[in-house]
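# Structure at a glance
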Amino acid sequence: MKGETLVNLITELKEKEALNLVKEMLDAGTDPLKVVEYSRAAVEVVGKRFEEGQYFLPELIMAGEIMKGISELLKPAMRQEAEVPRIGKVVIGTVEGDVHDIGKNIVAFLLEANGFQVYDLGVDVPARQFVDKISEVKPQVVGMSCLLTVAFEAMKRTVEAIKEAGLRDAVKIMVGGSPVNEQIAAYVGADAYGGDAQEAVELARKWCGGGK
Amino acid sequence: MDKVKETLQKWCEVQGIEFSSAEAEERYKKTVQSVADVIQLKTPAKIPVYPFNGFFPAYYAGFTPKEVMYDFDKAGLAWEKYLRDLQPDLYVGPFIVSSGKVLDIVGYKIYKWPGNGLPDHQSYQYIEAEYVKAEEYDDLCTDPTDFMLRKYLPRVFTSFEGFASLPRLFELLELPLVGPHFIVYGAPPVKSALEAVIKAGEEALRWGEFLGSFGMRMASLGFVDPTAGMSKAPFDVLGDTFRGTRGIMMDMFRCPERLLEALERITPIMIQIGLAGFKATGKPFVFIPLHKGADGFMSDSQFKEFYWPTLKKLILGLVEEGAVPFLFAEGGYNSRLEVIRDIPKGTTVWLFDETDMVRAKEVLGDVACIAGNVPISLLYAGTPEEVKDYCKKLINSVGKDGGFILGSGAVLDEAKPENVKAMIEVAKS
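Residues numbered from 1 in each chain as written. Chains lettered and ligands numbered in written order. Predicted model: local features only at pLDDT ≥ 70, side-chain atom pairs only at ≥ 80, totals over all residues.

All names here are of chain B. Taken in spatial order, the six strands of this open sheet run 4-5-6-7-8-9, and their pairing is parallel. If you trace the sheet from one side to the other, it starts and ends with strand 4 (227-230) and strand 9 (404-408), each paired once. Taking the axes of each pair of neighbouring strands and ignoring which way they run, one obtains an average angle of 25 degrees across the sheet. Helix 13 (residues 256-281) rests against strand 4 and strand 5 (285-290) of the sheet, and its axis sits at about 155 degrees to strand 4. (Pairing = 2+ DSSP bridges. Helix = DSSP H or I, 4+ residues; strand = E, 2+ residues; numbered from the N terminus. Axes fitted to C-alpha atoms, helices over the stretch in contact; angles between N-to-C directions. Contact = placed C-beta atoms within 7 Å.)

Quick look at the sheet that holds strand 3 (residues 141-145) of chain A now. Residues and elements named next belong to chain A. If you walk across this open sheet you meet the five strands as 2-1-3-4-5, and the pairing is parallel. Every interior strand has two partners, whereas the edge strands, strand 2 (117-120) and strand 5 (192-193), have only one. Bridge count between strand 4 (residues 172-176) and strand 5: two bridges; the pairing is parallel. Across the sheet, the residue bridging to Met-174 is Ala-192, located in strand 5.

The interface of chain B with chain A comprises 24 residues on the first partner and 21 residues on the second. Contributing elements (two or more residues each) for the side of chain B that touches chain A: helix 12 (244-254) and helix 17 (376-381) of chain B. The greatest single-element share of the side of chain B that touches chain A, amounting to six residues, is contributed by helix 12 of chain B. Residues that form the side of chain B that touches chain A fall into these classes: 11 nonpolar, 10 polar and three charged. (Nonpolar A, V, L, I, M, F, W, Y, C, P; charged D, E, K, R; others polar.)

Attention shifts here to the nonpolar core. Membership of the largest hydrophobic core comes to 209 residues, with the highest contact counts inside it found for Val-175 of chain A together with Ile-370 and Met-423 of chain B. Here this core takes nine residues from helix 14 (residues 300-320) of chain B, the largest share from any one element. Split by domain, this core shows at least three residues from each of two domains, domain 1 (2-77) and domain 2 (89-207) of chain A. When residues no more than four places from it in sequence are discounted, the contact partners of Met-423 of chain B are Val-49, Pro-51, Val-374, Leu-379, Val-387, Cys-391 and Leu-406 of chain B. (Core = buried A, V, L, I, M, F, W, Y, C linked by C-beta atoms within 7 Å. Buried ≥ 20, exposed ≤ 12 C-beta atoms within 10 Å, placed from the backbone. Domains from an automatic or database assignment.)

Residue and element names in this part refer to chain B. Two numbers describe how helix 18 (residues 384-399) lies on helix 19 (residues 417-426): the axes approach to 8 Å, and their chain directions differ by 30 degrees. It follows from the interaxial angle that helix 18 and helix 19 lie roughly parallel. Read as a crossing pair, helix 18 and helix 19 show a hand that is right-handed. Contacts from Pro-384, Val-387, Lys-388, Cys-391 and Lys-392 of helix 18 reach helix 19 at Glu-418, Asn-419, Ala-422, Met-423 and Val-426. (Parallel < 35°, antiparallel > 145°, perpendicular 65-115°, else oblique. Left-handed = near helix turned anticlockwise from the far one by under 90°.)

What follows covers the confidence of the model for chain B. With 100% of its residues at a pLDDT of at least 70, chain B reaches an overall mean of 97. Model confidence for the complex is summarised by a pTM of 0.90, with the ipTM given as 0.88. (pLDDT = per-residue confidence, 0-100.)

And the structure:
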């Protein structure tokens, strides 16, 4: 019952109430892993509402904040990180020379919400760093984002670097960002372009064999 | 509305420009008349072309962004070459690249630019962060300018850290208060900040003189820079360089009343900022880049509650004084068209990026001039033929009956010159 309430409070972005309830549940001896489960379920709902055009950036940001608050509360109670099965791995980042992160963060949030393990390299990420992370975690999917036309060349360089490292055939590469389209995806040598965050999730799902 | 008409009439009279040739004069007059016509939703003699250039002229002329930011003579050379070679009707002046030297002197911390953290060949970028805390809304609302001077400037300009110790200027009310007020100005932190102000002022003055004479000379050659000044939507003021996207979006949930109060509080200031350039130059456009109200950034109801009311007040405040808000709706604005329709007829220009232009024309066509939409990606990676086709389709579907300016959908930095040329030439035929 309380679990359901918690899911609702998070999905309705009631920060104070959600955090209070988590405290209450922990005090009453609820298994912290259960709380993690409810929270993940709530994030999935938030992601779904975003995809359906019901929620937007403010809700994603607020849900992220609430999750942060809940993890803080759980930290003392948790002995180990819960092992959750994942659909696949995605390495994601904004390419070198570009510091814009909003679009990339939305995609990362939705991928997480949809069960992917996401390795977010942040912004202004050099090609080398993409290559290193890819060889380290062996993702199925690489996502590159940019907001500036100047970053097209950086995307191209990054794809080339992945090729040179002999990793190109091991990953699918998707690109996105305001000035990006099919033409740019072809130009930089990516496999596909995602017009919005939802398309990015669908591409990742397709490539990881988890079609809807 | 009548005031805007007055502004445009006066602008079309074209006074104080000594043209280099009869041809240049004809060209200039034709352009301003066409722009005045499209703003007022009439069919122009020629569809004006406005490649919304950022650093494009620099790349085109073979200079790096760093060179044009740090050497305004090079900026002048680049812009002049671009205008003479490609002949756009309207252009964005070299003010857009700013002065690297001024930025260095004041130590602007919240941007990176070539020469300060970025390679020479790149444009500048804003580093978003929470520069103002949610707890500071009360301070900001009590006295925005005081907040700017004593709290904000010391945070975002290394050279102005000393301003944090300034007393409130408002206390200079009575003789006994005057003496004590100035004590701190003699102390090293404030003194060095003031020295930086003077140094920045000297450099900016040289730069400003260049901008003034350059603009005059280009006008004499027949090229029109229609921009008088700039302002911002109040939501973007707080959401960009004060609270940041994350901050302001949390405020929408955590302290919506305080956010709304702050938005209202700064609106009259943003009107005055936009009007300052307009009153000084008589040119029509007040450039307003729109950021956080685009499709996907917030819901319709959030747009109506948080973004639009104060943007509308800004638009009305400018229009009432005769300025023409030139709104650059970066990203998509498809879901906002019905809302933004609520403005006086024939007084604004909306530069659209990814917005569906056919629908924009349907919804806004009888109230506002629409502009832009030629994709930056196409100008960067496409062919001249593709650009021409795109522009022709655009003109046929939304441009041929007026109320339309052809141009890039977003700021034009790197692009193939032959593509930009193709866009400019389409509207000539």
